[in-house]
Amino acid sequence: MNLRPTHGEHHSQQPAHDRVWLLTAFLFAAGFLLYFWWVRPLAPTNSPFLIPWWGIGIAFAATDVFVVHLHARRDAVSFSLSEIPLVVGLFLANPVSLIIGRIVGGMAALTIHRRQSGLKLAFNLGQFLLFEGVLPILLFRAVLGTHNPTSLWGSGAAFCAVLSTNLLSGLAISLAGLINRSMPLDMLALRALGGGLVAALGNISLAIVAVLMFWHDASSSWLLIVVAAVLYVAYRGYVSLRQTYARLETLYGFTRAVNWSLKKTPALETILDETRELMQAEIAEATVIPSSPGDLPSITTLGPGERLETSYVALTTAIEGALSEVVRTGRGLLVPRPIRDDALRNEMERRGLKDAVVAPLRSEDGIIGTIMVANRMGDVGTFGAEDLRMLETVTNHASVTLENRRLVDQLREEAAEKEHQAAHDSLTGLPNRTLFNQRVEQAIAAAHDTKASVAVMVLDLDDFKEVNDTLGHHHGDLLLKEIADRLCDVLRPSDTVARLGGDEFAVLIPFLENPKAVGNVARRISHAFERNFELGEVTLEVRSSIGIALYPQHGEDGKTLLQRADIAMYSSKEQRRGFEIYDADKDQCNPRRLALMPELRKAIQRSELEVYYQPQANIGDRGFVGVEALLRWQHPEHGFVPPDEFVPMAEHTGLIRPLTLFVLRRAMEQCLVWRQAGVDLTLAVNLSVRNLLDMAFPLDVARLLKETGYDAQYLTLEITESCIMADPGRMLTELKRLDALGVKLSIDDFGTGYSSLSYLSRLPVKEVKIDRSFVMHMIDDDNDGVIVQSIIDLGRNLNLQVVAEGIEDSDTWQRLADMGCDIAQGYYLGRPQPASQLERWFAENGVFLDPLAPRAVTVADHVPGGRPENIIPLHPARRAG
């Protein structure tokens, strides 16, 4: 048996090709070395006659021509009766004649019948020389020794020699496959050795019987031909059965592979690759006929190697003409070697095609194209009728796959279109409320991990209804589209613009590192509306109102943020401010606020609220000068309730008057105790606009001053700039009444309102307090630094004392000192703290109390955030006691 797995012509890289040539050279070198060193001197056996070299050559040529091929994917194993002439030659031929006959006969069969050349031919001839010539002779003679060739020992020597060289030949083929195709192991060759062993044993046994017949009675040798023919037929039957099984297995693999391609792209490439492997071809090509008459057919070619090309050409050449015939008739086409049609042969040679098989691709509408495989690989000379039937079966499966892919793609497109429509506004193409809510939740989840903020804006057009009523819905729709475009233009790609319905839009700003920056975004949106809208022949001036809510400050889920941004938007529309950030004070639907409302009244009545004190110091000599009284509420169930939450609630429920009087009384009593203990300090208390609108409030202050015995000159009442500008005329009257009591008036959060210099100069104020938002960022933000300097200069020109709050580091302190600021307040000096804890702060910072004097009137010690910071050493000149 001759076992030779065929090597597919993969157009391997040159280094691998060179290594196979080196292996071939080794086979020849080893063969010639052994021949000249050991084989050539050997004498023939003592057989009754010797078969000439040409007789051996004819026998080998016949066994190489009548070969049974077992194909597996792109490889093939050849089974033949070559062991028979080899064994006969070992017994009945001169060693030199056996080697010559093997090489000449094998070369004739390979070049004439199988059309082999080049490396493949050289490799096989090298195998013939070494493994079917020199080595079998040496092993046979070495084992035989001086024994009789026709004895049992001689038969064993023949078995040993042939089986051993068959094994070595298989290993050489596996090595060549490993080198040439970069495979971990040529599994085909190794698997074939198991099945080939049985055939080899049969061939060797038949050959030994033939030798004994020739040796003893040559006249009966004709029986050998009958037995060999029967054995050849048996081989063909066995291989045919194996081939059928192998084809069914590979066809199943093909079907599974192309069906799997429905889940990935492209399906056509998978079909071509699997078809090429299955048909043992070098090239696979698919031609798809376009559905539109004016379009060109698409031709996708895979091979040689892994090269994939797609082109669009008219079917005008002889090859394309053959393809057109397949499309027209619906029947497959076989083009074996040699090609008889001159035009077709010339065109195929031009494209490097040696033979081909073509089968049609079908769909429900008829023939949609063809699949062609070309350049048959392996020992089989060319394609045959069986290959045509196999390709037709393959294309039927491929047609189903392509049709399924088309349906799947169509369903995917329809599903994607429906999904897009469900999540987007049909007029503007923007995300709708559903998709916007999803993105808000995603942004919140991401911000939770990165500790960033998220901004949700709700934008409503002012007087949009008049546009629809006056110009019609067509112009209204044009306006909405133009607004959508402008919003997208002024925002980042990572932001989301959505249309919630009607004239209401929403904006999502994710990953907001500085919440203050949201104002800049809102201003950019407002500026986008300053340009008039050109709608055909109509020019419109449109303005918008924007409401803003921030995560996590104003809510921790998308629904809450959208609701509160909506509340802020309506507040902005009422105030005509352009945009407004959510303020819980203006949210009458806050559930927590509704729950705390009755609790606040009880807390005031039961004195459950506590006054905290934040120290103030002279910014120049760092001497302690006073405190600001700040109210704190530690609820037994809800925990710490911030003033920004309960103070607005008190304003809207009428509780601000008793709340303010509570703070004034408690703070004045405590500061009076400290003053009596030797601490020279002033007291500052914040007022609400509701206090100033209460005509009885100055009388209440006068009463408290009298009842507590506190000196009015050490009491400072702080009013925000925005409160004063809410009703300037009335505020001026009430401030004059408070000034007449002898208290000092201060404008809090100065710089955030819109007061004019002329009005400011008329107010009976003695102090301005710079808003903390400017102070905290003045080191990093030059604009804030300029504003702070301007306020200090203004205060100096108007003979006003200037207080800076929000100082958190030494650089800010020093910068304010250089600017000429008077008083400092902030965490760098000390946090707001209960009276008892402030007394410890006094001790730690050199503010000594009289040890015999009364101490704090409250012993509560609820300081959110832990122990206060005590950083600034106070100047000794300001120590009391």
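Residues numbered from 1 in each chain as written. Predicted model: local features only at pLDDT ≥ 70, side-chain atom pairs only at ≥ 80, totals over all residues. Heavy atoms only, no water.

Draft legend 1. Structural context of the overall build of the protein. A tally of helices and strands in the protein yields 29 helices and 24 strands. Across the 881 residues in the protein, those meeting the buried criterion constitute 51%. In the protein, the share of contacts with a sequence separation of at least 24, taken over all contacts with a separation of at least 6, comes to 70%. If you sum the accessible surface of the protein, you get close to 40,800 Å²; carbon and sulfur atoms cover 56% of it. (Helix = DSSP H or I, 4+ residues; strand = E, 2+ residues; numbered from the N terminus. Buried < 20%, exposed > 50% of the residue type's maximum accessible area, 1.4 Å probe, protein only. Contact = heavy atoms within 4.5 Å. Areas by Shrake-Rupley, 256 points an atom, 1.4 Å probe, with all protein chains shown as cover.)

Draft legend 2. Inspection of the sheet that holds strand 7 (residues 356–363) at higher detail. Pairing within the open sheet is antiparallel, and its six strands lie in the order 5-4-3-8-7-6. Here the strands that pair on one side only, and so sit at the sheet edges, are strand 5 (308–312) and strand 6 (333–335). Ignoring which end each strand starts from, the neighbouring axes of this sheet average 15° apart. (Pairing = 2+ DSSP bridges. Axes fitted to C-alpha atoms, helices over the stretch in contact; angles between N-to-C directions.)

Draft legend 3. Just helix 20 (residues 656–676), in detail. A rise of 1.5 Å per residue sets the reference length of helix 20, with its 21 residues, at 30 Å; its end C-alpha atoms lie 30 Å apart and thus fit the reference within 8%. G678 occupies a position one or two residues after helix 20 and carries a positive phi of about 105°. (Expected span 1.5 Å × (residues − 1).)

Draft legend 4. Local environment of the pattern of salt bridges. Overall, the coordinates contain 26 salt bridges when judged by the stated rule. In this structure, K744 and E767 form a salt bridge, with 3.7 Å as the shortest nitrogen-oxygen distance. You can see K744 sitting in strand 21 (residues 744–750) and its partner E767 sitting in strand 22 (residues 767–770), a full 23 residues away along the chain. Take K744: its relative accessible area is 22%, and that puts it in the partly exposed class. Here R796 makes a salt bridge to D793, at a shortest N to O gap of 3.2 Å. With R796 and D793 both in helix 27 (residues 782–797), this residue pair falls three residues apart, about one helical turn. Connected through shared salt-bridge partners, R657, R665, D694, D700, R703 and E707 make up one network. (Salt bridge = Lys/Arg side-chain N within 4 Å of Asp/Glu carboxyl O.)

Draft legend 5. Here's a closer look at helix 16 (residues 518–528). Of the positions making up helix 16, those classed as buried are V518, G519, V521, A522, I525 and A528. On its buried face, helix 16 sits against strand 9 (453–461), helix 15 (473–490), strand 11 (504–512), strand 14 (544–551) and strand 15 (579–581).

Draft legend 6. Focus on the packing of helix 2 (residues 53–65) against helix 4 (residues 95–113). Helix 4 packs onto helix 2 with a crossing angle of 40° between their chain directions and a minimal axis gap of 7 Å. What the angle tells us is that helix 2 and helix 4 run oblique. Seen along the crossing, helix 2 lies across helix 4 with a hand that is right-handed. Of the residues in helix 4, those in contact with W53, I56, G57, F60, A61, D64 and V65 of helix 2 are S97, L98, I100, G101, R102, V104, G105, G106, A109 and H113. For the contact of helix 2 with helix 4, the per-class residue count stands at nine nonpolar, six polar and two charged. (Parallel < 35°, antiparallel > 145°, perpendicular 65-115°, else oblique. Left-handed = near helix turned anticlockwise from the far one by under 90°. Nonpolar A, V, L, I, M, F, W, Y, C, P; charged D, E, K, R; others polar.)

Draft legend 7. Structural context of the confidence of the model for the protein. Mean pLDDT over the protein works out to 79, with 80% of the residues at or above the 70 mark. Mean pLDDT values for the elements of the protein range from 52 in strand 1 (residues 68–72) up to 95 in strand 19 (residues 682–686). Contacts for the low-pLDDT stretch residues 182–192, under 50 throughout, to residues beyond four places or in other chains number 24 contacts. (pLDDT = per-residue confidence, 0-100.)

Draft legend 8. Geometry of the sheet that holds strand 15. With respect to topology, five strands assemble into an open sheet ordered 10-11-9-14-15, the strand pairing being mixed. The outermost strands of the open sheet, each flanked by one partner alone, are strand 10 (496–501) and strand 15. In this sheet, neighbouring strand axes are inclined to one another by 20° on average, regardless of whether the strands run parallel or antiparallel.

Draft legend 9. Focus on the environment of D711. In this structure, D711 sits in the loop between helix 22 (697–708) and strand 20 (715–720). As a C-alpha pair, D711 and M668 span 43 residues in sequence and 9.1 Å in three-dimensional space. At 2.8 Å, the side chain of D711 forms a polar contact with the side chain of Q713. (Polar contact = N/O pair within 3.5 Å; in protein donor to acceptor, adjacent residues only side chain to side chain.)

Draft legend 10. Representation of the nonpolar core. Core analysis: the biggest nonpolar cluster contains 84 residues, and Y613, L664, L683, L715 and L816 have the highest contact counts within it. The leading source of residues in this core is helix 20, at 11 residues. Not counting residues within four places of it along the chain, the set of residues in contact with L683 comprises V627, A629, A667, M668, C671, Y710, Y714, L715 and T716. (Core = buried A, V, L, I, M, F, W, Y, C linked by side-chain atoms within 4.5 Å.)

Draft legend 11. Unusual backbone geometry, seen in detail. Between Y551 and P552 the backbone carries a cis peptide bond, its omega angle lying at 5°. Within the secondary structure, P552 is located in the loop between strand 14 and helix 17 (558–575). Despite not being glycine, N375 shows a phi value in the positive range, around 65°. By the secondary structure assignment, N375 is in strand 8 (residues 366–376). For N375, a relative accessible area of 3% translates into the label buried.

Draft legend 12. Here's a closer look at the pairing of strand 16 (residues 610–618). Burial analysis of strand 16 places eight of its nine residues in the buried class, which makes it a mostly covered element. Looking at chain direction, strand 16 and strand 17 (residues 624–635) are connected through eight bridges and run antiparallel. Each bridged residue has a counterpart across the sheet, and for Y612 the counterpart in strand 17 is L630. The loop that links strand 16 with its antiparallel partner strand 17 comprises five residues; one of these, R622, has a positive phi angle of about 60°. As paired strands, strand 16 and strand 24 (residues 823–825) are joined by three bridges and run antiparallel to one another. Note that in strand 24 the partner of N618 across the bridge is I823.

Draft legend 13. Seen up close, the packing of aromatic side chains. Throughout the structure, instances matching the rule amount to 13 aromatic pairs. Arranged with centres 5.8 Å apart and planes meeting at 85°, the rings of W633 and F646 form a pair that is edge-to-face. Pair noted here: W633 is in strand 17 and F646 is in helix 19 (residues 643–653), with a separation of 13 residues, a long-range link. Overall, W633 belongs to the buried group, its relative accessible area being 1%. Pairing W813 with Y828 gives two aromatic rings, centres 6.1 Å apart and planes at 70°, and the pair type is edge-to-face. (Phe/Tyr/Trp six-rings, centres within 6.5 Å; stacked < 30°, edge-to-face > 60°.)

Draft legend 14. Just the packing of helix 20 against helix 22, in detail. Running from N to C, helix 20 and helix 22 point in directions that differ by 25°, and their axes come no closer than 10 Å. By the angle between their directions, the pair helix 20 and helix 22 is classed as roughly parallel. At the point where helix 20 passes helix 22, the crossing takes the right-handed sense. In contact with R657, T660, L661, L664, R665, M668, E669 and L672 of helix 20, helix 22 contributes F697, D700, V701, R703, L704, L705, E707 and T708. Class assignment of the residues belonging to the contact of helix 20 with helix 22 gives a composition of eight nonpolar, two polar and six charged.

Draft legend 15. Broad picture of a nonpolar patch on the surface. A contiguous nonpolar surface patch, about 500 Å² in accessible area, is contributed by W53, W54, I58, I100 and V104. Elements with a minimum of two residues in the nonpolar patch: helix 2 and helix 4. The element best represented in the nonpolar patch is helix 2, accounting for three residues. Looking at where V104 falls in the secondary structure, it is placed in helix 4. Take V104: its relative accessible area is 35%, and that puts it in the partly exposed class. (Patch = residues over 30% accessible without salt bridge, like charges linked within 9 Å, V, L, I, M, F, W, Y side chains within 5 Å.)

Draft legend 16. Summary view of the environment of G89. Its location among the elements puts G89 in helix 3 (residues 83–92). Looking at G89, the relative accessible area reads 1%, which means it is buried. In sequence terms G89 and L50 are 39 residues apart; their C-alpha atoms lie 8.7 Å from each other. Leaving out residues up to four positions away in the same chain, G89 has contacts with I56 and L98.

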